[in-house]
Amino acid sequence: MDAPGRTVSAAVREHLRQLRLHEFPCGTGSWNKSRFLPQTWRSWRELIPREEVAGSPGEETVEDLLGLICSPHSPWALLEGCSAEDRFLRQLAIQNPRMLKDTFFYSYFRSLQVVDKQVSLVDKDLLKFLKLEELVLSANQIKEIDAVNLPPTLKVLELYGNSITSMESLCVCPPPGLQHLGLGHNKLLGPSQSLYVTARHWPSLVSLDLGFNALTDLPSMMGSLRSLRHLRLLVLQGNPLALLPYYRGFTIDSLAGLCALDDITVSPSEKHQFLGLSRSGDFLAQEAQFVVTIGSVTGVPHTSVLDPEPGPQGPFITYSYYVTYDFVEDEEAEGSERVEGVLAEIVKPSPSMKQLGDQIPEEVIPKEVIPEEVIPKEVIPEEAKDPVESAPTTTSQSAELEESEASGRSTPLPTSTEELAKLRPRIDSQLCPSPGTVLFSTVRKPWADVIQCHYEMQHKLRDLVPLKAFLLAGTTVTVVEEKILSWPVVPPLVDSPLSTKKGTGEKDKKQKEKSKKGKDGNDKAAVRGERETAKGWKGAKKRDLPKELRQDPAILRVLGSGRVLLEPLLMGEPLVSTVCNFGVIRTMESDRLAFFRDSKNKKAKKVYGSDHQLEPLTVEVQVQLSQCRSAGEALRVRAV
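Summarised in this report is the structure supplied together with it. (Residues numbered from 1 in each chain as written. Predicted model: local features only at pLDDT ≥ 70, side-chain atom pairs only at ≥ 80, totals over all residues. Heavy atoms only, no water.)

**Thoughts on the packing of aromatic side chains**
No. 1: The final tally for this structure, using the stated rule, is 14 aromatic pairs.
No. 2: Judged by centre distance (6.2 Å) and plane angle (65 degrees), the rings of Tyr-246 and Phe-250 are edge-to-face. Assigned by exposure class, Tyr-246 and Phe-250 land together as buried.
No. 3: Through a chain of ring-to-ring contacts, three or more aromatic side chains come together here, namely Phe-88, Phe-104, Phe-105, Tyr-106, Tyr-108, Phe-109 and Phe-129.
No. 4: It is Arg-444 that lies over the ring of Tyr-322; its NZ or CZ is 3.9 Å from the centre. (Phe/Tyr/Trp six-rings, centres within 6.5 Å; stacked < 30°, edge-to-face > 60°. Buried < 20%, exposed > 50% of the residue type's maximum accessible area, 1.4 Å probe, protein only. Lys NZ or Arg CZ within 6 Å of the ring centre and 35° of its normal.)

**With respect to the pattern of salt bridges**
No. 1: On inspection of all chains with the given rule, the structure shows 7 salt bridges.
No. 2: Arg-444 serves as the salt-bridge partner of Glu-482, at 3.7 Å between the closest nitrogen and oxygen. Here Glu-482, found in strand S17 (residues 475-488), pairs with Arg-444, found in the loop between strand S15 (437-441) and strand S16 (450-461); they are 38 residues apart in sequence, far enough to count as distant. Of the two residues, Glu-482 and Arg-444, both sit in the buried class.
No. 3: One salt bridge in this structure joins Arg-557 and Glu-481, with 3.1 Å as the shortest N-O distance. Note that Arg-557 is positioned in strand S19 (residues 555-564) and Glu-481 in strand S17, a separation of 76 residues in sequence. Both residues of the pair, Arg-557 and Glu-481, belong to the buried class. (Salt bridge = Lys/Arg side-chain N within 4 Å of Asp/Glu carboxyl O. Helix = DSSP H or I, 4+ residues; strand = E, 2+ residues; numbered from the N terminus.)

**Remarks on helix H6 (residues 218-225)**
No. 1: Three or more residues of H6 are buried, namely Leu-218, Met-221, Met-222, Ser-224 and Leu-225. Take H6 and look down its axis: the buried residues cluster within an arc of 160 degrees, on one side only.
No. 2: Buried positions along H6 lie against strand S7 (207-209), strand S8 (233-235) and helix H7 (247-254). (Arc of directions from axis to C-beta. Contact = heavy atoms within 4.5 Å.)

**Things to note about the sheet that holds S16**
No. 1: With respect to topology, 4 strands assemble into an open sheet ordered S16-S11-S21-S20, the strand pairing being antiparallel. Strand pairing shows two members of the sheet lacking a second neighbour, S16 and strand S20 (575-581), which therefore form its edges. Across this sheet, the average inter-strand angle for adjacent strands is 10 degrees, counted without regard to direction.
No. 2: Pairing analysis gives 7 bridges linking strand S11 (residues 288-298) to strand S21 (residues 618-625), with the strands arranged antiparallel. Following the sheet pairing, Thr-298 is matched in S21 by Thr-618.
No. 3: Here helix H12 (residues 464-473) sits on the sheet and contacts S11 and S16; the angle it forms with S11, its principal contact strand, is near 30 degrees. (Pairing = 2+ DSSP bridges. Axes fitted to C-alpha atoms, helices over the stretch in contact; angles between N-to-C directions.)

Next comes the structure, spelled out in structure tokens:
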């Protein structure tokens, strides 16, 4: 491994050493010594007939030596991808090796490509290359460049993939004839960088690449670039400012001589559509706009068919399904917002959870009712590692839950830190949003073969730097099953004051009336009870249902989760559309039970055969970056 602080000149010397210009078949040695004898020896040899000057048997001809370095099967051949300069130097080292001196190298090189050589310092020895026109120092560790050490003859300077945070030192004494400057994939940050891209520093600049940095101020950048009269090619994509909806139109109208922006030719129609937009920069909203759309969900297992029929005392089980995704937090949006009639939920803790969270911030706090919320990141533990279901994982917890369901009572709320810690495995870690993001979810939907979410949410973001980091990381899409157990509320027994005034005579009278009915009445009641029980929960009439139900905390189960890559939005693509496929999670048994239960056809068993195919769990997801197509469209989005 190279030591830190390596210079450009040291990397060049190491590269020349790896060319082996003084070793066989290059340079001088026993393989060609007769060609380079002193002049006094060569004088008498010239008198010998030409056919005898073929050389000694141990020497090689120039053609044979050149064949050794040009043949792809030769062990002395250059590796693929070597530059034309490297091939020329190898041939010259065979034909005339005595020319290879330092003075020759400094005057010969017009292009130097030092790529991925751990270079961190541009030293003054670079000035010795008198005719250097192209310098490529990409994929190194350069943080700052002293422009005084750059040869004044440079026309092309590429510094891609380094760690440069500012152009200030580069503009102290830049090469006056530089035509192309490549600073993409660095760490340029802040509006002050626009001060260093003016004609004062780069009077001859034709091409400028500042892509994939952290530049955010589009108006000030265009104000400086206007002074570059020779600028024809510009790359700014990958910067946060390129996420603004009017970025392309504003740039094209600001730079009249521009021929290509982000490697896309600027057409005359584009110039006409965005004419005059650059004069309205103060009225444009400095925010990026995204629209997230979630379509249909398929392949969801029908879990309810596996549950037993509820009794009169419950529990009554309901299932609902929804999709969550994380997105950069919008500071201006709070709570739930309606976008074109579609509810977009922002997951936030309830007030009760916030109070408990202040006291025990790292514990999991369940809620009695979770009608329209998903448990936020503040209450989701890092220890929860079960990727399938957020149910109790220990035997004791499972037994307690079963006992609670069988007895018809809900799980009591925790009263201590120890009890809260026991509930940690119930929450799936995949329901926790990434740092710096907020979890959004669709509206809960009942089960169906194809669940139509009809979800559309618009995100407006002013802080563009964390937005770029989020797009590089992508968003996580999760399909969640929510199971809620409801129980009938049993009113407490209260003794009536009238009952104490009644005498024993009235009680005896009632007992006699009951006994008078006899066994016939008991038989009829038994038959009637059997019929009502057979009807089950679904056949019960509304007047027979409990009027008031209490709900246990929701049990959440992650059916599928995966990451959606959003980096294409940074690279100029306006839309990311994908179908997340989480694989098959249905079972043949659940599909068979659902088919038999829902089908009223007596011949259903014949229709449902062994060739039935299980559908994978899929979700349709689209993330669109808003882009204006004309100046009028851009002006409709006004700054607040």
